[in-house]
Each structure stands twice: as structure tokens, then as C-alpha cells.
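Report on the structure
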Amino acid sequence: MLAAGLVLVSVGCRTERPADAPLTEVTLSTPGAYVVSTGAVDRSASPSPPAAAVPAAAAQPRQPTDASAAAVTPSAVSPARLPTNGWIALAKWSASAGLGQPHRIAMETYAVATPRGKAVFQPGSQCVRWEGVNVWLGFAPRYLEGQPHLHALDVQRTLGPLVGGPRPLAPRSRVVVLDPGHGGADGGTQGARDQLEKNFALDWALRTAALLRQKGWEVHLTRTNDLDLTLPERIVAADRLCASLFVSLHFNGLAADARHSGIETFCTTPVGLPSSVKRNGEDLLAVEHPNNRFDAENLRLAYRIHRELLSATQALDGGVRRARFISVIRAQGRPAVLVEGGFLSNPAEARRVATPAYRQKLAEALARAIE
Ligand SMILES: [Zn+2]
């Protein structure tokens, strides 16, 4: 059976089609070393761990496994020369990042004070709660010599862009492409009472476009009516318009569990990090996609959008996640994010999404995030 996280996307969001930009194999300084002999990376075809919407505080800590096989933690880590491999003591990272020392706030739970709140880590859980928002790491923190450690790639590619708080997006131009998912014969996921994702996504995009135009953005939609576009067409549209940002809008569905709800925000997984959501267990860590040039900007954009959406809606926090299989963002030559604005398979959430007032909230939050 496929991972729950994959189903969340694939049921409502056929975001995978074969056509794509060419892939690049990255030459690593130590080939294969980024995989780290931790046992944490699933390189088989087995399903990835369930990627349910689990707040960090509620995430089930797991016992560290095979810690002895982990790469040795450097004895002295210079912030300027962080390794691309291995594990870094949480305390060492927080000191190098100019943050407070970690303190244990509960069993298997550590908090680091940040200027705007705190970062909460749980060894065994890939989910870190960063200043009130769930962000999925590539590797679950683990204990080494009794101390919680973070993977160096997460320090660089996940935590690094978040330290220092929200930064201006500084786009190359104020041209944004909003991409309402699905359209035409592809209705996307379907809620109760035949509510179709494609219609809600388009309405969300139109509302957001109006707000962004008031802020001086040049806004383009990949579709403004009930048109069925291929994913390559959506990518080409952004290229042709020289967009500086791309945001794909979707709603989710999980047929297997109508209780599931919440908002999830996706960006492309950086090279070397395992994705938090995989497709058919595949997750080629060494492949660099065009959108990987914007890893830091992707994460910051995703974080900003996710935080604003949660604040506006009080929806369950499904986290900022990373995936490689989402063609429509991984091929983008600009910061790109895909948002799943709620589960239409959850009757209560579907009822909320079905109201214009709720979709206006979603639009206002998205416009605030884009500035
Ligand atoms: Zn969708």
C-alpha cells in the first residue's frame, strides 16, 4: 500500500506526468556519502513512512535505530564549513546559529529559543515545529552519545533558510503565476455533494489574483476557466511570462480516512535529502531538478504561505513538506510552491472550503504571504 502522504496528493492531485525537464545527476564530493549509513533512508521500493498531518507535539517519537552506524559527528563544527554529511549536536547547531541552548521540555522533546518563538525537536520524528509551524526534515533527529543530533543536510537546507525569521521574498520581478490545479475533464479530488477541487482551486486563484494586483503584482493564472491543462503547459506558461514566483493551488482528498484534515504546503526536495512524501517509494536523492536552484527561496516561500494560511484558518497543520515527484514545481526555474488548502474528503473541512468566505480567507492569507 502506498504511503498515506502519497495518497493525500495523488488522490486529488495528479501532479505527476511523465513529461518533464531533463534531469541532472549531481556529482557529489563523496559519492553516495550523502545517503549516510544511518538506515534512515529508504532506498528500497518499500513505502515511505506515513506522512499524516501530525503536529510535532503529537508526533510519536520513535526510538533511534542503528545509531552506531551513523556518520561520526565532527568534533568541531565551524558554521562556515558545515559538512554536507554526518550529524551535528543540537546544542552545537543552536550555538552556531546564534540561538539559545536546547532544553528538554518533555520526554524526547527539546526546544531551542528563537527570536520569534521556539523550535521544537523530537528525536525520531521528522517533524520540527519551527516558531509555531510544522516543518518536515529530511532526516529525523537522533541520539548520538546520549545527545540529540541533527543531520547536517537539514541544518544546511532546512533549518538554515529559516534561521533569522521571515525575510523579504526579493523576487526578480513582481510577476507571479498562480496555477489552479486540474480543470476540464480533470476535476481533481471530489468532496461530498460533488464538490470538485478544480472549481475551488480556480476560485481561490481568482480571489488571490485580485488581491495581489492591488499590491502591484502582475498576476497570471495558468487557467482562468474550466480548462484542462497538462503539467508541461503550466510550466511553459511560467517560463514564457518570466514569472518570478509560481504557486500551484490544490485541495486534498484521502478516501481511506475521512477524518484527515489540514493544510499542507510543498516545495521541491533539495539534493541529498529524503523527501517527506514519496511516490511509489521512489526518491532519487542525487537527482537535481531545475527548481533545486531555489531550494532556500522555495522553503522560505512555502513557510511564509503555510504560516499565513494556518493563522487565517486555524486549520490543522499538515506541515511544510518536500517532495520530488511533483513535476509542476520541480521543473520551475523560479521559487515554486504547491499548496493543498484542505481535505475535501473531510466533511467538515469540505464544508468550510465550500464557503466563499473561507476561500477569501485563504486568498487573503496567500496574498499576505506573497506581500
Ligand atoms: Zn489537486
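Remember, it's a predicted structure, so these values are computed and weren't measured experimentally. (Residues numbered from 1 in each chain as written. Predicted model: local features only at pLDDT ≥ 70, side-chain atom pairs only at ≥ 80, totals over all residues.)

A short note on unusual backbone geometry
Negative phi is the rule for most residues except glycine; trans is the rule for most peptide bonds. For clarity, the threshold we go by: Only DSSP runs of H or I reaching four residues or more are called helices, and only runs of E reaching two or more are called strands; each is numbered from the N terminus. Every C-beta atom is placed from the backbone, and the number of other C-beta atoms within 10 Å of a residue's own sets its class: buried at 20 or more, exposed at 12 or fewer, partly exposed in between.
At glutamate 145, a residue that is not glycine, the phi angle is positive and equals roughly 50 degrees. Take glutamate 145: it is sitting in the loop between strand E8 (142-144) and strand E9 (147-151). Of the residues examined, glutamate 145 has 8 C-beta atoms within 10 Å and is grouped as exposed. Of note in the backbone geometry, glutamine 314 takes a positive phi value of approximately 60 degrees without being a glycine. A residue is classified by how many C-beta atoms lie within 10 Å of it, and glutamine 314, with 8 of them, is exposed.

Considering the environment of phenylalanine 343
To keep things clear, this is the line we draw: Once C-beta atoms have been placed from the backbone, residue pairs whose C-beta atoms lie within 7 Å are recorded as contacts.
Along the chain, phenylalanine 343 falls in strand E16 (residues 336-343). Each C-alpha atom of the pair phenylalanine 343 and isoleucine 263 lies 7.7 Å from the other, and the pair is 80 residues apart in sequence. When neighbours within four sequence positions are excluded, phenylalanine 343 is seen to be in contact with Asn252, Gly253, Leu254, His260, Ser261, Gly262 and Glu349.

Some details on helix H9 (residues 356-370)
Threshold: The span expected for a helix works out to 1.5 Å for each residue beyond the first.
The first and last C-alpha atoms of H9 sit 21 Å apart over 15 residues, in line with the 21 Å expected at 1.5 Å per residue. Residues of H9 that are buried: Tyr358, Arg359, Leu362, Ala363, Ala365, Leu366, Ala367, Ala369 and Ile370.

Comments concerning helix H3 (residues 152-162)
Taking burial as the measure, the 11 residues of H3 include 8 buried ones, the bulk of the element. Listing the buried residues of H3 in full gives Ala152, Leu153, Asp154, Val155, Arg157, Thr158, Leu159 and Leu162. Looking at the buried residues of H3, the elements they touch are strand E2 (87-89), helix H2 (90-96), strand E6 (127-130), strand E7 (133-136), E9 and helix H6 (295-313).

Topic: the confidence of the model for the protein
Where we set the bar: Note on scores: pLDDT gives the predictor's confidence for each residue, bounded by 0 and 100.
For the protein, mean pLDDT is 80; residues scoring 70 or higher make up 77% of the total. Long-range and interchain partners of residues 1-83, a stretch whose pLDDT sits below 50, account for 165 contacts in this model, where long-range means more than four residues apart.

Concerning the pairing of strand E11 (residues 218-221)
Stated formally: By definition, two strands form a pair when at least two bridges between them are found by DSSP. By convention, orient the strands away from the viewer: a clockwise path from the first strand over the helix to the second makes the crossover right-handed.
Inspection of the sheet shows strand E10 (residues 175-180) paired to E11 by 4 bridges, in the parallel sense. Opposite valine 176, over in E11, you have valine 219 as the bridge partner. Read from E10 through helix H4 (residues 197-214) to E11, the crossover connection turns out right-handed.

Overview of the nonpolar core
To be explicit about the condition: A set of buried residues qualifies as a nonpolar core if it consists of Ala, Val, Leu, Ile, Met, Phe, Trp, Tyr and Cys joined through C-beta atoms within 7 Å. For every domain, the bounds stem from an assignment made automatically or drawn from a database.
By size, the foremost hydrophobic cluster in this structure holds 84 residues, and its most contacted members are Val176, Ile329, Val337 and Leu366. Per element, the largest residue contribution to this core is 8 residues, and it comes from H9. Counting only domains with at least three residues in this core, you end up with domain 1 (4-22 + 169-370) and domain 2 (54-61 + 68-162). Once you skip the residues sitting within four places of it in the chain, isoleucine 329 turns out to touch Phe246, Ser248, Phe266, Cys267, Thr268, Asn291, Ala336, Val337 and Leu338.

Describing the sheet that holds E9
Short version of the rule: Convention adopted: a line fitted to C-alpha atoms gives each axis, helices being fitted over their contacting stretch, and angles between N-to-C directions are expressed from 0 to 180 degrees.
The 3 strands lie next to each other as E2-E9-E8, forming an open sheet whose pairing is antiparallel. Looking at the sheet topology across the chains shown, the edges are occupied by E2 and E8. Pairs of neighbouring strands in the sheet enclose a mean axial angle of 50 degrees, with direction left out of account. Where E8 meets E9, 3 bridges bridge the pair, whose relative direction is antiparallel. In the sheet register, arginine 142 faces E9, and the bridge partner there is histidine 149. Lying on the sheet, H3 is in contact with E2 and E9; it crosses E9 at an angle near 60 degrees.

Notes on the packing of H3 against H6
Describing two packed helices takes the angle between their axes plus the distance from one axis to the other. Filter applied, for reference: For classification purposes, an angle smaller than 35 degrees is called roughly parallel, one larger than 145 roughly antiparallel, one from 65 to 115 roughly perpendicular, and anything else oblique. Crossings are classed by handedness, with left-handed meaning an anticlockwise turn of the near helix from the far one by less than a right angle and right-handed meaning a clockwise turn. Note on residue classes: Ala, Val, Leu, Ile, Met, Phe, Trp, Tyr, Cys and Pro are nonpolar, Asp, Glu, Lys and Arg are charged, and everything else, Gly too, is polar.
As a packed pair, H3 and H6 sit with axes 9 Å apart at the nearest point and diverge in direction by 50 degrees. By the angle between their axes, H3 is oblique relative to H6. The handedness of the crossing between H3 and H6 comes out as right-handed. For the pair formed by H3 and H6, the contact residues are Arg157, Thr158, Pro161 and Leu162 on the first element and Asp295, Ala296, Leu299, Arg300 and Tyr303 on the second. Of the residues that constitute the contact of H3 with H6, the class distribution is 5 nonpolar, 1 polar and 3 charged.

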